[in-house]
Structure formats: structure tokens, C-alpha cells
Amino acid sequence: MKRFLSIAMALCIGLTMSLDANAKRFGGGKSMGSAPTHQTSQMAPSAGAGGAAATAGAAGAAGAAAKAGGASRWLGPLAGIAAGGLLASMFMGGGFQGMQIFDILILAVIAFVIFRFIAARRRKQQEHLAPAGAPMQREVFEQKPAMGSIFGGSAAPAAARPVINAPAWFNEERFVEAARNHFQSLQQHWDANEMDKIAEFVTPQLLEFLKRERADLGDGFQSTYIDDLRVQLEGVDDRADKTIATLTFSGVSKTSRFDQGEVFSESWNMERPQGENQPWLVAGIRQNG
């Protein structure tokens, strides 16, 4: 029994670390493609309080999470080394001697259960994502805005208000909500290395950058979680050939639910060609510090 428990422990650690050790969020956390044209607020994840005290608390929490995230990147390799040492000691000490077919079957069942758990966890995340298909289509946005201002939330200070030069059909609230869903969808496709699905969301030029970046991470599935995701519209500009918009996303990126995570803030350059039935596409990503 002792030998069996040791083998099971090594198998669980090895499988977990192989999935999470090298995980990186969509785009690899790098700037690429066409840079956004609007100024970013570089917002940080909210600390859940108001006023100046909340701002200071958010800054402190962001710093602590960043430090923890840096340390957490070492947990995967260290755990992998520990698992390797355990397996080596079992081999050298004869831990696998006398294994029966029943032992092998039990190990196979454990591996199956672990993979089923990981798959179920991913499906649960995807339940909240936008349906498949062309991203951010006219069905979501091309509706007349409600009477009055197109800004949905509370008013920001005058100096921080986004510059909105939007066409009549643009609806900010729907745009921001759809962007939130598509951010999560892209992360799921990135984890699963589904570049054909990512191609529906981005421009061909950006897709080439993303393909090279994803290839550096390997072909396997990775696991990435985004907590405290916030989305802010920085500006919209309606031009003769296309409409462009800048969105800033901030939150905490994790490689597992138990990870402290790493704070991030990045802005996306969104483009939509003029004409009917045109989707919004991500043309570029800029890291905000």
C-alpha cells in the first residue's frame, strides 16, 4: 500500500505540473501588432473599496500579487524536480519491483480521473463564454443606442473620459460586454492551441505574430485563469475605411486556482471595416507597463 500511494502521488504531481508549469495567457503577455491609438488609463484590478484609500489598497494588492506571481513561477519547476526525485528514489530503491497488473490498472484509473477533472474544469469555464462564430458581429452592436449619453457607467473625470467619435449604431455597453466574453474565449482557444478559431477574432497580420508566440509554448494544452477581469473603453474613432476602438483589460492571470497570480494591464486595438456584416477584429496588443 505504501508503494502504491507513493506512485499515485508522483503521478498526480507530474500531471499537474506538466499542464501548468509553462502556461502563459493569450499573446504570451507581449506587445504585438498595430498599437492602439488612444491613451490608456492603465487601470489596475479593483480592491473593492472607494476613494483614495481604495486606490492605495489596490496598488498595494497589485504589488503583492505581482511579487507572489513571480515566486509562483518557480513552484512548477520545483514541484517537478521533487516528483522526479521521488520517482528516481523509487526506481533506485526497488519501489516498482513486484508490480502486478492490478497496480497498473489502478494507476491508469487515477490518470483517467485526473484528466476528466481537468476537462470538466475547462468546460465549466467555457459555459460563461460567448457562442462560437464570427466575433463581435453586428447583431451585438448595430443597435441604436438608448436616448442620451452612450456611456453606461458613472461619469469619469473630464480629463479621463474616452474620446468617442462613434457611428450611430455603436452601443458602448454591449461593445464592452462582448469584449469581455471574447477576451475569455480567446484565452480558452489559446490554452487549447486552437489557432484556427483564434483566426476568426484577429487580423491576419496579428495572427502571424500569435502563431509564432504559441509555437514557442509547445503544442500541448495549458491551463490559464483570469480573475478580477475589468474592461474599459478608451476611445472610438469612425474613419472613412474603418472604425477603430481601444479597450483596456486588467486583472490577475493565474496558472491554477491555487496560484497567487500575476497582475496585468493591456490595451487592444480593435478594427471594424466599414459596411454591413463586418466583425470587430483585434489588430494589436499593447502591454501597459
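Residues numbered from 1 in each chain as written. Predicted model: local features only at pLDDT ≥ 70, side-chain atom pairs only at ≥ 80, totals over all residues. Heavy atoms only, no water.

### Some points on the environment of Met-195
Definition in use: Helix and strand labels come from DSSP, where a helix needs a run of H or I of at least four residues and a strand needs a run of E of at least two; each type is numbered from the N terminus. Contacts are assigned to residue pairs with any non-hydrogen atoms lying within 4.5 Å of each other.
Checked against the element boundaries, Met-195 lands in helix α7 (residues 195-198). C-alpha of Met-195 to C-alpha of Leu-210: the two residues are 15 residues apart in sequence and 8.4 Å apart in space. What Met-195 contacts, discounting residues up to four positions off in sequence, is Leu-207, Leu-210, Lys-211 and Arg-214.

### A look at helix α8 (residues 204-215)
In plain terms, the rule: To estimate the expected span of a helix, subtract one from its residue number and multiply by 1.5 Å. Exposure categories follow from relative accessible area, calculated using a 1.4 Å probe and restricted to protein chains: below 20% of the type maximum is buried, above 50% is exposed, and the middle band is partly exposed. For this quantity, the arc is that covered by the directions from the helix axis to the C-beta atoms.
End to end, α8 covers 17 Å across twelve residues, agreeing with the expected 16 Å (1.5 Å per residue, within 8%). Buried residues of α8: Leu-206, Leu-207, Leu-210, Glu-213 and Arg-214, and no others. Along the axis of α8, the buried residues cluster in a sector spanning 125°; they form a single face. Exposed residues lying more than 90 degrees from the buried face of α8 are Pro-204, Gln-205 and Ala-215. Its buried side turned inward, α8 meets β1 (32-33), α6 (172-191), α7 and β6 (281-287).

### Remarks on unusual backbone geometry
With a phi close to 60°, Asn-193 is a non-glycine residue in the positive phi region. The topology assignment puts Asn-193 in the loop between α6 and α7. Assessed through its relative accessible area of 26%, Asn-193 is described here as partly exposed. Here the phi dihedral of Asp-228 falls at roughly 55°; this positive angle occurs in a residue that is not glycine. On the accessibility criterion, Asp-228 (51% relative accessible area) is exposed.

### A word on the sheet that holds β1
As a reminder, the rule being used: Pairs of strands are assigned from DSSP output, requiring at least two bridges between the strands. To get an axis, a line is fitted to the C-alpha atoms, and for a helix only the part in contact is used. The angle between two axes follows their N-to-C directions and goes from 0 to 180 degrees.
In space, the six strands of this open sheet follow the order β1-β6-β5-β4-β3-β2, with mixed pairing throughout. Two strands close off the open sheet at either side, each with one partner strand: β1 and β2 (163-165). Where α6 meets the sheet, it contacts β3 (225-238), β4 (242-254), β5 (262-273) and β6, and its direction lies at approximately 135° from that of β3.

### Examining the pairing of β5
Counting buried positions along β5 gives nine out of twelve residues, so the element sits mostly inside the fold. Judged from the twelve bridges that link them, β4 and β5 form a sheet pairing that is antiparallel. Counted as the bridge partner of Lys-242 is Pro-273 from β5. As paired strands, β5 and β6 are joined by six bridges and run antiparallel to one another. Bridged to Glu-266 within β6 is Gln-287.

### Some remarks on the packing of aromatic side chains
Threshold: Within 6.5 Å between ring centres, the rings of Phe, Tyr and Trp (the latter by its six-membered ring) count as paired, and their orientation is classed by plane angle as stacked under 30 degrees, edge-to-face over 60, tilted in between. Placement of a positive charge over a ring is assigned whenever Lys NZ or Arg CZ falls within 6 Å of the ring centre and within 35 degrees of the normal to the ring plane.
Scanning all chains against the criterion turns up eleven aromatic pairs. Between Phe-183 and Phe-249 the ring centres are 4.6 Å apart and the planes differ by 25°, which places this aromatic pair in the stacked class. With Phe-183 in helix α6 and Phe-249 in strand β4, this pair connects stretches of sequence that are 66 residues apart. Across the pair, exposure class does not vary: Phe-183 and Phe-249 are buried alike. Cluster of aromatic residues (ring-pair linked, three or more members): Phe-26, Phe-183, Trp-190, Phe-249, Phe-264 and Trp-268. If you follow Arg-212 out to its NZ or CZ, it ends over the ring of Phe-209, 5.1 Å from the centre. Between the NZ or CZ atom of Arg-214 and the centre of the ring of Trp-190, over which it lies, the distance is 5.8 Å.

### Structural notes on the nonpolar core
What counts is decided by this rule: For this analysis, a nonpolar core means a set of buried residues of the types Ala, Val, Leu, Ile, Met, Phe, Trp, Tyr and Cys, connected via side-chain atoms within 4.5 Å.
Within the largest apolar cluster, 31 residues are counted, with the highest numbers of intra-cluster contacts made by Phe-26, Ile-198, Val-202, Leu-210, Leu-247, Phe-249 and Trp-268. Among the elements of the structure, α6, α7, α8, β3, β4, β5 and β6 are those that each provide at least two residues to this core. Looking at which element gives the most residues to this core, the answer is α6, with six residues. When neighbours within four sequence positions are excluded, Leu-247 is seen to be in contact with Phe-175, Val-176, Ala-179, Val-231, Gln-232, Leu-233, Glu-266, Ser-267, Trp-268 and Met-270.

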